[in-house]
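# Summary of structural features
So you can see what is in the structure, the chains are spelled out below.
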Amino acid sequence: MTATPRLDLPLLAAGQAQKHVTHNDALIRLDALVHLAVASRTETVPPAVPTETSAYIVPAGGTGVFAGHEDEVAIFEDGGWSFFEPRPGWQAWVADEDEEQLW
């Protein structure tokens, strides 16, 4: 197993070099996914200048880097977008709707 089953966090491997990289990646994902808050679930275009840990639920018809990631959680981390398939029980605060969503 290379990742945790619930949040898909990277696991350290025996004898792995630069363990801090994998560990820090897991911490960044935890920081973004636990108590998940997204800006919107209706924006089809990613923001031109996202801030670190900007998060969105990608709707149908996503363009640019959002294309092909419908219903996934998009999080901007370390200068790029990461996409996560939500699992049953995940919760997210959707800021532009002032509402909580549950998968």
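What you see as residue numbers is a count from 1 along each chain, following the sequence as written. Local features are withheld for residues below a pLDDT of 70 in this predicted model, meaning they are given only at 70 or higher, and side-chain atom pairs are given and counted only at 80 or more; totals for whole chains, interfaces and linings count all residues. Each side-chain value is derived from all of the structure's non-hydrogen atoms; neither hydrogens nor water enter the calculation.

### Points about the pattern of salt bridges
- Note on definitions: salt bridges are taken to be side-chain nitrogens of Lys or Arg within 4 Å of carboxyl oxygens of Asp or Glu. Inspection of the entire model under this criterion finds two salt bridges.
- Of the charged contacts in the structure, one is a salt bridge between Arg29 and Asp25, with a shortest N-O distance of 3.6 Å. Residue Arg29 and its partner Asp25 are located together in helix α1 (residues 19–33), separated by four residues, close to a single helical turn.
- Ionic pairing is found between Glu97 and Arg41, a salt bridge with its closest N-O pair at 2.9 Å. Separated by 56 residues along the polypeptide, Glu97 in the loop between β5 (91–94) and β6 (99–102) and Arg41 in the loop between β1 (36–38) and β2 (55–57) bring together distant segments of the chain.
- Classification of Glu97 by relative accessible area gives partly exposed; the value is 28%.
- Using a 1.4 Å probe on the protein chains alone, a residue whose accessible area is under 20% of its type maximum counts as buried, one over 50% counts as exposed, and one in between counts as partly exposed. Judged by relative accessible area, Arg41 falls into the partly exposed class, the value being 32%. For helices the rule is a DSSP run of H or I covering at least 4 residues; for strands it is a run of E covering at least 2, with both sets numbered from the N terminus onward.

### A closer look at the side chain of Ser40
- On the secondary structure map, Ser40 appears in the loop between β1 and β2.
- A relative accessible area of 2% means that Ser40 is categorised as buried.
- Within polar-contact distance, the side chain of Ser40 engages the backbone nitrogen of Thr42 at 3.0 Å.
- One polar contact links the side chain of Ser40 to the main-chain amide nitrogen of Glu43, over a distance of 3.5 Å.
- Residues within four places of Ser40 in sequence aside, it is in contact with Ala55, Tyr56, Ile57, Val94 and Asp96. Any N or O atom pair separated by 3.5 Å or less is treated as a polar contact, with the protein-specific requirement of one donor-capable and one acceptor-capable atom, and with residues adjacent in sequence counted only for side-chain atom pairs. The contact criterion used throughout is that any non-hydrogen atoms of two residues lie within 4.5 Å.

### Focus: α1
- Relative to the 21 Å expected for 15 residues at 1.5 Å per residue, α1 spans 21 Å between its end C-alpha atoms, a close match to the ideal helical length.
- Among the residues of α1, Thr22, Ala26, Arg29, Ala32 and Leu33 are the ones counted as buried. Taken around the axis of α1, the buried residues stretch over an arc of 130°, which confines them to a single face.
- Looking at the packing, one finds that the buried side of α1 touches β1, β3 (73–77) and β4 (80–84).
- Within two residues after α1, His35 carries a phi angle of roughly 60°, on the positive side. By this rule, a helix spans an expected 1.5 Å times one less than how many residues it contains. Here the arc refers to the set of directions running from the helix axis out to each C-beta atom.

Structural measurements only, silent on function.
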